[in-house]
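Results of the structural survey
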Amino acid sequence: MNVHVFTDSLGHYMNRFVDRMSKFDKDALYVNLYSPENIDPKVYCMGSSIEKLEKKVLSIDSIERIFFHPLNGFHASMIESLKAKFKDLKIFYVVWSREAYVNRKTEESLLQPFALNFVRKKYGNSKPVFRNLKRLIKETYFNVFPLRDDYQRFCKAISQADFICCNFKEEYDLLRSLYNTEAQFCKFSYNDIDEIATNNLLKIGENVGEKVLLNHTADPSLNHFEILQKLEVIGADEVVMIPLSYGKEDYKKHLLSYAKSLNLNIEPIEKHLPYSDYLESLQQVKCAIFNTSIQQAYGNVLLLLWLGVKVFMRIESPLYRGFKREGFHIYCLEELKGKKDLVRLSLRQQKENQQLLKDHYKRQQNEAHYQDLAKL
């Protein structure tokens, strides 16, 4: 039997996955830590209890493969017990990204000065002497009690994975460089462009929107401040649309307070929009900027490329490097030098991006990845 363990509080990815995987693996078991609304009836929900989740999985008589969507530090003890019970068990880590980077060892490396200063003031003393003392105390404590440290538990969990499943090998290579793991690469994505293409969207050349989209959620690792500052310096007069309906509320308030002090036309999206309304808002965009060094907003980027939007990303982002390698017209932030760079893609570039999406991201290719997961 194959078992899929989700930590999905909203159920979006899980419902899509269960619907598609059911075509290829009719006997799989699906378990979710949370109990979101409109859940697929095939999923067992554990009501946020890690103990119930572990007990449920360990009660199964036979497991060949177990998939963690995504892997987390609290899975480490479960994996140890499963390995002891099932000698030939294969363990799959389906990457969502944040779980691998937002921890005490790597989180600060994701943050640029404004966000770093906010996080230090909000969650700890910003003075170097106290910060270093606090870090030393934490290191000593976690060395004595390693199982109380989520970072060390995650290290232990990923070291036991047999496969790492993600969109691009660039993401896999980054994880291999950060963690001690011999896991193999397995290409996988929840998303394809068929869902996007079947919606009532503007055709290439019809999008005459003039807005600039900044990131996709209220998260410090997206480093909104530096981009807002840059847009002000280059004299951007476009409406800057900032989705903030998800993420950290305190960070959102701090960000909006700062944004209002700038000479920019800011349009925050603070309430959750139905998907159809969100699609409509993105069709008003000519350029989009994502200022994160890790994989985030993958589905948003697919949609924006389909719409013909010019996308800027951090050069170290696995998404940027993966899309660039595949030949997409996509840009690094260093190429945003002045207002003249905030122009839409040419019709030729828009059409070439859309053709690449048709070549590589259709439902048929995506479902082949689902089939591979069921058989590896």
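Refer to the preceding data block for the structure.
Residues numbered from 1 in each chain as written. Predicted model: local features only at pLDDT ≥ 70, side-chain atom pairs only at ≥ 80, totals over all residues. Heavy atoms only, no water.

**Let's talk about the packing of helix 3 (residues 76–85) against helix 7 (residues 150–159)**
We count it as follows: Under this scheme, a helix contributes an axis fitted over its contacting stretch, all axes are lines through C-alpha atoms, and angles between N-to-C directions fall in the 0 to 180 degree range. Secondary structure elements follow DSSP: runs of H or I of four or more residues count as helices, runs of E of two or more count as strands, with numbering from the N terminus. In what follows, roughly perpendicular refers to angles from 65 to 115 degrees, roughly parallel to angles under 35, roughly antiparallel to angles over 145, and oblique to any angle outside these ranges. Two helices that cross are described as forming a left-handed crossing if the nearer one is turned anticlockwise from the farther one by less than a right angle, and a right-handed crossing if clockwise. In what follows, a contact means two residues having at least one pair of non-hydrogen atoms within 4.5 Å.
At their nearest, the axes of helix 3 and helix 7 sit 8 Å apart, and the two run at 30° to each other. What the angle tells us is that helix 3 and helix 7 run roughly parallel. As for the relative orientation of helix 3 and helix 7, their crossing is left-handed in sense. Residues Ala76, Ile79 and Glu80 of helix 3 form the contact with helix 7, whose own contacting residues are Arg153, Lys156 and Ala157.

**Description of the pairing of strand 7 (residues 184–187)**
Threshold: Only strands joined by at least two bridges in the DSSP assignment are considered to pair. Seen with its strands pointing away from the viewer, a crossover is right-handed when the path leading from the first strand over the helix to the second is clockwise.
With four bridges connecting them, strand 6 (residues 163–166) and strand 7 associate as parallel partners. Paired with cysteine 166 across the bridge in strand 7 is lysine 187. In the classification by handedness, the crossover that spans strand 6, the intervening helix 8 (residues 169–178) and the parallel strand 7 is right-handed.

**Points about the environment of phenylalanine 328**
Along the chain, phenylalanine 328 falls in the loop between helix 14 (318–325) and strand 13 (331–332). In contact with phenylalanine 328, not counting residues within four places along its chain, are Leu305, Phe323, Asn353, Leu356, Leu357 and Tyr361.

**With respect to the pattern of salt bridges**
Side chains bearing opposite charge may pair, as long as their charged atoms lie close to each other. Put simply, the test is: One speaks of a salt bridge when a side-chain nitrogen belonging to Lys or Arg is within 4 Å of a carboxyl oxygen belonging to Asp or Glu.
Summed over all chains, the structure comprises 22 salt bridges. The salt bridge partner of glutamate 270 is lysine 252, with a shortest N-O separation of 3.7 Å. Highlighted residues: glutamate 270 in the loop between strand 10 (265–269) and helix 12 (275–282) and lysine 252 in helix 11 (residues 249–259), separated in sequence by 18 residues. Through salt bridges with shared partners, a single network forms among Glu210, Asp237, Glu238, Lys286, Lys339 and Arg344.

**Quick word on the environment of glutamine 365**
Relative to the helices and strands, glutamine 365 is located in helix 16 (residues 363–375). Every residue in contact with glutamine 365, bar those within four places of it in the chain, is listed here: Lys358, Asp359 and His360.

**Focus on the sheet that holds strand 7**
Spatial strand order, 3-2-1-4-5-6-7: seven strands in an open sheet with parallel pairing. Of all strands in the sheet, those bounded by a partner on one side alone are strand 3 (43–45) and strand 7. Strand-to-strand twist across the sheet, computed as the mean angle between neighbouring axes with direction ignored, equals 25°. As judged from the three bridges shared by strand 5 (residues 90–94) and strand 6, these two strands associate in the parallel manner.

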